[in-house]
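# A look at the structure
Listed below are the residues making up each chain.
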Amino acid sequence: MRKPYGKLIVILAAITLVTGGCPKKRGKAVETDASTEAAATESATAREPISEETWSWLVQTYKLLEANYEIGQKLVEDGIATQTEDPEEVVAEAKRLLDYGEQCGKEDMMEEDGQDLLYDMVSASNRLMDLIEKNGGTVVTMDEAVGKETEAAPITEAATETEG
């Protein structure tokens with residue numbers, strides 16, 4: 001009779017270790033909870049409305065892109081932009097972002113989306129200004145673009161309303 005009880009004790013000990021007796025598994029459970037909390041915090045941050053600082057940089061970069069777009073487009077149309085790889089692509093990306101910016105409203109944008117858009121606009125603006133400089137054009141600087149009145153697009157209208 002002792003043999004069946006011996007097997008039962010070994011089985012119960014194994015079950016105890018598997019279900020929670022192992023310290024390493026408890027540590028992993030804690031890590032999972034911490035990573036879940038971090039993911040929840042990140043997703044809450046992603047749903048935050050766009051900050052004033054990000055919006056301001058978006059507006060300024062939009063104006064810079066807008067101010068240089070026509071110059072870059074003219075260089076490409078005239079066939080002068082030969083010193084740049086894929087000049088049509090550079091101008092097309094700038095145009096796509098300008099068109100997108102016309103539809104943007106501050107109240108509809110989340111911080112994470114604004115940061116992504118800002119990154120894309122800065123990258124496109126830098127590529128466009130490089131195209132202009134490499135091909136003999138004159139670049140409009142940030143100071144000139146921000147100081148000069150541009151056509152009222154929604155991204156700039158909303159900035160004017162919040163700044164004034």
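Counting restarts for each chain: residues are numbered from 1 in the order of the written sequence. With pLDDT at 70 or above as the cut-off, local features in this predicted model cover only qualifying residues; side-chain atom pairs require 80 or more to be listed or tallied, and sums for whole chains, interfaces and linings still use all residues. No hydrogens and no water enter the side-chain calculation; it runs on all heavy atoms of the structure.

## Quick word on helix H4 (residues 87-103)
Using the following cut-off: Helix and strand assignments follow DSSP, with helices taken as H or I runs no shorter than four residues and strands as E runs no shorter than two, numbered in order from the N terminus. Take the residue count of a helix, subtract one, and multiply by 1.5 Å to get its expected span. Working definition: with a 1.4 Å probe on protein chains only, accessible area under 20% of the residue-type maximum means buried, over 50% means exposed, and in between means partly exposed. Directions are taken from the helix axis to each C-beta atom, and the arc is the one they span.
When the terminal C-alpha atoms of H4 are compared, their 25 Å separation across 17 residues agrees well with the 24 Å that a helix rising 1.5 Å per residue should span. When H4 is considered as a whole, its buried residues turn out to be Pro-87, Val-90, Val-91, Ala-94, Leu-97, Leu-98 and Gly-101. Projection of H4 onto a plane perpendicular to its axis shows the buried side chains occupying an angular sector of 125 degrees, all on one side. In H4, the exposed residues that point more than 90 degrees away from the buried face are Glu-88 and Gln-103.

## A few points about the packing of helix H3 (residues 52-77) against helix H5 (residues 111-134)
The following threshold applies: Note on method: axes are straight lines fitted to C-alpha atoms, helices fitted across the in-contact stretch only, with angles between N-to-C directions ranging 0 to 180 degrees. The labels follow the angle: roughly parallel below 35 degrees, roughly antiparallel above 145, roughly perpendicular from 65 to 115, and oblique for the rest. Note: crossing handedness is left-handed where the near helix turns anticlockwise from the far helix by less than a right angle, and right-handed where it turns clockwise. Three classes are used, and their members are as follows: Ala, Val, Leu, Ile, Met, Phe, Trp, Tyr, Cys and Pro are nonpolar, Asp, Glu, Lys and Arg are charged, and the others, Gly among them, are polar.
Following both chains from N to C, one finds H3 and H5 inclined at 30 degrees, their axes separated by 8 Å at the closest point. The angle between H3 and H5 falls in the class roughly parallel. As for the relative orientation of H3 and H5, their crossing is left-handed in sense. Its residues placed into classes, the contact of H3 with H5 shows 18 nonpolar, seven polar and one charged.

## Considering the pattern of salt bridges
Put simply, the test is: Criterion for a salt bridge: a side-chain nitrogen of Lys or Arg within 4 Å of a carboxyl oxygen of Asp or Glu.
Scanning the model with the defined rule gives five salt bridges in all. Residue Lys-106 pairs with Glu-52 through a salt bridge whose shortest N-O separation is 2.3 Å. Of this pair, Lys-106 sits in the loop between H4 and H5 while Glu-52 sits in helix H3, and the two are 54 residues apart along the sequence. One salt bridge in this structure joins Lys-74 and Asp-78, with 3.3 Å as the shortest N-O distance.

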